[in-house]
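Each chain, letter by letter, is given below.
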Amino acid sequence: MDDLRFSDIETPCVKICVVDPETQFCIGCGRTRGEIAAWIGMSVDARHTIMLALPERVATLTQRKSRRGGRQGRLAARAAS
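Residues numbered from 1 in each chain as written. Predicted model: local features only at pLDDT ≥ 70, side-chain atom pairs only at ≥ 80, totals over all residues. Heavy atoms only, no water.

1. Remarks on the nonpolar core
Here comes step 1: Listed in full, the five residues of the largest apolar core are Ile-9, Trp-39, Met-42, Ile-50 and Leu-54.
Here comes step 2: Ignoring any residue separated from it by four or fewer positions in sequence, one finds Trp-39 in contact with Ile-9, Glu-10, Thr-11, Pro-12, Arg-31, Arg-47, Ile-50 and Met-51. (Core = buried A, V, L, I, M, F, W, Y, C linked by side-chain atoms within 4.5 Å. Buried < 20%, exposed > 50% of the residue type's maximum accessible area, 1.4 Å probe, protein only. Contact = heavy atoms within 4.5 Å.)

Shown next as structure tokens:
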């Protein structure tokens, strides 16, 4: 029987681990905290299903941030008030 090593598990992690407080998605990979925590124990099919949804999640995060103006927009709004 082959031993499965941690390095053999496909992961979308890009080592930018920050969870957006509004969507609860990691801004780096798009997964939820629960998905990140359960990742190693998930089946290959379950991980694949989640990975198919990640590009849309990350795009949504990017669009939301752009609409708000990012850091510069928040600083400008704070200065205006």
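Following the structure, the description resumes.
2. Overview of the side chain of Arg-47
Here comes step 1: Relative to the helices and strands, Arg-47 resides in helix H2 (residues 44-68).
Here comes step 2: Buried charge Arg-47 goes without a salt bridge, the closest partner of opposite sign being Glu-10 at 6.4 Å.
Here comes step 3: Sequence-distant contacts of Arg-47, that is, excluding residues within four places in its chain, are made with Ile-9, Glu-10, Trp-39, Ile-40 and Met-42. (Helix = DSSP H or I, 4+ residues; strand = E, 2+ residues; numbered from the N terminus. Lys, Arg positive; Asp, Glu negative; His and termini not counted. Salt bridge = Lys/Arg side-chain N within 4 Å of Asp/Glu carboxyl O.)

3. Topic: the pattern of salt bridges
Two side chains with opposite charge may pair up if their charged atoms get near one another.
Here comes step 1: This model, assessed by the stated rule, comprises one salt bridge.
Here comes step 2: Linking Arg-57 and Glu-35 is a salt bridge whose minimum nitrogen-to-oxygen distance equals 2.7 Å. Placement of Arg-57 in helix H2 and of Glu-35 in helix H1 (residues 33-38) is noted, with a sequence separation of 22 residues between them. The same class applies to Arg-57 as to Glu-35, namely buried.

That's the geometry; what it means functionally is another story.
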